[in-house]
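# Commentary on secondary and tertiary structure
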Amino acid sequence: EYKQDLATPSSPGLVSALPEECIREILLRLSDPRDLEQASKTCEAMKAVASEKRVWRELVQTHFTKMQVAFSYCFDNLEGATNEFWNFKAIFMPS
């Protein structure tokens, strides 16, 4: 029987031992932004990956249509704007 000890500052736990790509894939499976926020509080590795713009962009592209994303911004601000300037976390998180 395997039992994981609780993470402590001296022993961060199993999640911290995972490669970043695995942590990213775990986070991308979450559909509720509150779950993502809670997951980011579990350890520094999760926090770092959850703060990546890439994660939020992929979540937005997975859960919203292009029309929904465009609607969330003023159309005046979309002219000439590229994805690198969009705040994907703000789109995904409820106001």
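Residues numbered from 1 in each chain as written. Predicted model: local features only at pLDDT ≥ 70, side-chain atom pairs only at ≥ 80, totals over all residues. Heavy atoms only, no water.

Moving on, we get to the pattern of salt bridges. A pair can form between side chains of opposite charge whenever their charged atoms are brought close. A full pass over the atoms with the stated rule returns seven salt bridges. Among the ionic pairs, E52 bridges to R24, the shortest N-O distance being 2.8 Å. Here the residue E52 occupies a position in the loop between α4 (44-50) and α5 (53-63), and R24 occupies one in helix α2 (residues 20-28), the gap between them amounting to 28 residues. A single salt-bridge network, built from bridges that share partners, covers E20, E21, R24, E52, R54 and E58. (Salt bridge = Lys/Arg side-chain N within 4 Å of Asp/Glu carboxyl O. Helix = DSSP H or I, 4+ residues; strand = E, 2+ residues; numbered from the N terminus.)

For the rest of this paragraph, the subject is the nonpolar core. Core analysis: the largest hydrophobic core is formed by 17 residues, its most contacted members being L27, M46, W56, L59 and V60. Of all the elements in the fold, those that place two or more residues in this core are α2, α3 (33-40), α4, α5 and α8 (88-92). By residue number, the principal contributor to this core is α5, which donates four residues. (Core = buried A, V, L, I, M, F, W, Y, C linked by side-chain atoms within 4.5 Å. Buried < 20%, exposed > 50% of the residue type's maximum accessible area, 1.4 Å probe, protein only.)

With that settled, consider α2. Where α2 is concerned, the buried positions are I23, R24, L27 and L28. The arc that holds the buried residues of α2, viewed along the axis, is 135°, so those residues lie on one side. Elements in contact with the buried residues of α2: α1 (14-17), α3, α4 and α5. (Arc of directions from axis to C-beta. Contact = heavy atoms within 4.5 Å.)

Moving on, we get to the confidence of the model for the chain. On average, residues of the chain score 76 in pLDDT, and 71% of them are at 70 or above. By mean pLDDT, the top-scoring element of the chain is α2 (92), and the lowest-scoring one is helix α7 (residues 75-78) (48). (pLDDT = per-residue confidence, 0-100.)

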